[in-house]
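Survey of secondary and tertiary structure
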Amino acid sequence: MGTFVVSLDFELHWGVRDHRTIADYRDNLLGVRRVIPALLALFSEFGVRATWATVGFLFFETIDELLAAIPAELPHYADRKLDPYAALNEVGRDEVEDPFHFAPTLIRQIQATAGQEIATHTFSHYYAGAPGPSLESFRADIRATKSVSQRFGVKIKSIVFPRNQISIPHVRICAEEGLIAYRGVESDPYVAAGNGIVDRARRFTDAYVNLAGPCCGIPRKLEGLEIVSVPQSRFLRPCSRRLELLDALKLRRILSSMTFAAENQLLFHLWWHPHNFGVNTDLNLSFLRAILEHYRALHERLEFQSLTMAEVAAKTLAKSGAACRAS
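All of the points below concern the structure found in this document. These numbers come from a predicted model, not from an experiment. (Residues numbered from 1 in each chain as written. Predicted model: local features only at pLDDT ≥ 70, side-chain atom pairs only at ≥ 80, totals over all residues. Heavy atoms only, no water.)

Regarding the pattern of salt bridges
Quick reminder of the rule: When a carboxyl oxygen of Asp or Glu lies within 4 Å of a side-chain nitrogen of Lys or Arg, that pair is called a salt bridge. We count a stretch as a helix when DSSP gives it H or I for four or more residues in a row; a strand needs E for two or more, and each element gets its number in order from the N terminus. Note on exposure labels: buried denotes an accessible area under 20% of the residue type's maximum, exposed denotes more than 50%, and partly exposed covers the range between, all computed with a 1.4 Å probe on protein chains only.
Scanning the entire structure with this criterion turns up 21 salt bridges. Residues Arg33 and Glu95 are paired through a salt bridge, measuring 2.4 Å at the closest nitrogen-oxygen approach. Of the two residues, Arg33 sits in helix H1 (residues 22-46) while Glu95 sits in the loop between helix H2 (63-68) and helix H3 (104-111), which places them 62 residues apart along the sequence. What makes Glu95 buried here is its relative accessible area of 12%. Sharing partners across several salt bridges, the network here consists of Arg139, Arg143, Lys146, Glu176 and Glu177.

Comments concerning the pairing of strand E3 (residues 117-120)
To keep things clear, this is the line we draw: A strand pair is defined by DSSP finding two or more bridges across the two strands.
On E3, burial covers both faces: Glu117 and Ala119 on one face and Ile118 and Thr120 on the other are all buried. With four bridges connecting them, strand E2 (residues 50-54) and E3 associate as parallel partners. Paired with Ala53 across the bridge in E3 is Ala119.

Comments concerning the packing of helix H4 (residues 135-150) against helix H5 (residues 168-176)
Counted only if it meets this: Angles here are taken between N-to-C directions and fall from 0 to 180 degrees, while the axes themselves are lines fitted to C-alpha atoms, restricted in helices to the stretch in contact. Working rule for angles: under 35 degrees goes down as roughly parallel, over 145 as roughly antiparallel, 65 to 115 as roughly perpendicular, anything else as oblique. With the far helix as reference, a near helix turned anticlockwise by less than a right angle produces a left-handed crossing, and one turned clockwise produces a right-handed crossing. Contact between two residues is taken to exist if any of their heavy atoms lie within 4.5 Å; hydrogens are not considered.
Between H4 and H5, the shortest axis-to-axis distance is 10 Å and the interhelical angle comes to 40°. Taken together, the axes of H4 and H5 lie oblique to each other. As H4 runs across H5, the sense of the crossing is right-handed. Listed contacts from H5 to Leu135, Phe138, Arg139 and Ile142 of H4 are Pro169, His170, Ile173, Cys174 and Glu176.

Structure representation (structure tokens):
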């Protein structure tokens, strides 16, 4: 049967701090406080199991707790503006004082909702493809996020690499640290191509007009590693009043791909950031509801199933005969 995967990159300001200030993105970031409970309610209503790839910094109750948990081996970026550790002196005391950099209450809401997987978006929104950091600093980052998640009783099994910067050496470290799933890019040729101007233009156009095909995929175990690529299919571009006339095209593009996946026993993997819905929230939630209604129809007609990334990986590893090790 076909599989529907939803993953969300939960990062707040840590994910955009290198190119957006709090002042110019404030509404989107604060809107996350409304968006996440609304998303959880929708997922519960439609029986959708989602993977929440969460930046490790967001787990902490206070800045003092975060500072005490900083790994000994830090990433040293050639581009200093990418370094989140250099910005810790600008962070407030806790979630009440600084809702842009802490989110333990939201993480607990996700944790309390049936069928939701808390995964990692790395501890520090780590850029695996940026010049400078060592592989040892990446391992330290993964170990730090495993440690802080354990305080919540969460065992991390899946990772979404920030900015889709994926490399086999980094994936190998994830496997060695007990993770079994990552979000791959092989099903979407325009994501896999990179971030050049032409590639970005193609990605934008492909959201509305079928250039790349359905972008449905098959989970793939990496040779010699007990970890599975759960390939992404489509970034859910946020709705806006400016592009509202194109929303019907965007919706048709997504629904037709979901139908293709259901009919051909493939995987359709939709992803976005909660802060994408931080403005025009009702418009975006209404759009998502249309997608989830289609999922329910495909589930009833073709047994299209909703699974988390870790669940997809566990099934794939079981078929391959691999044994999922404890971390």
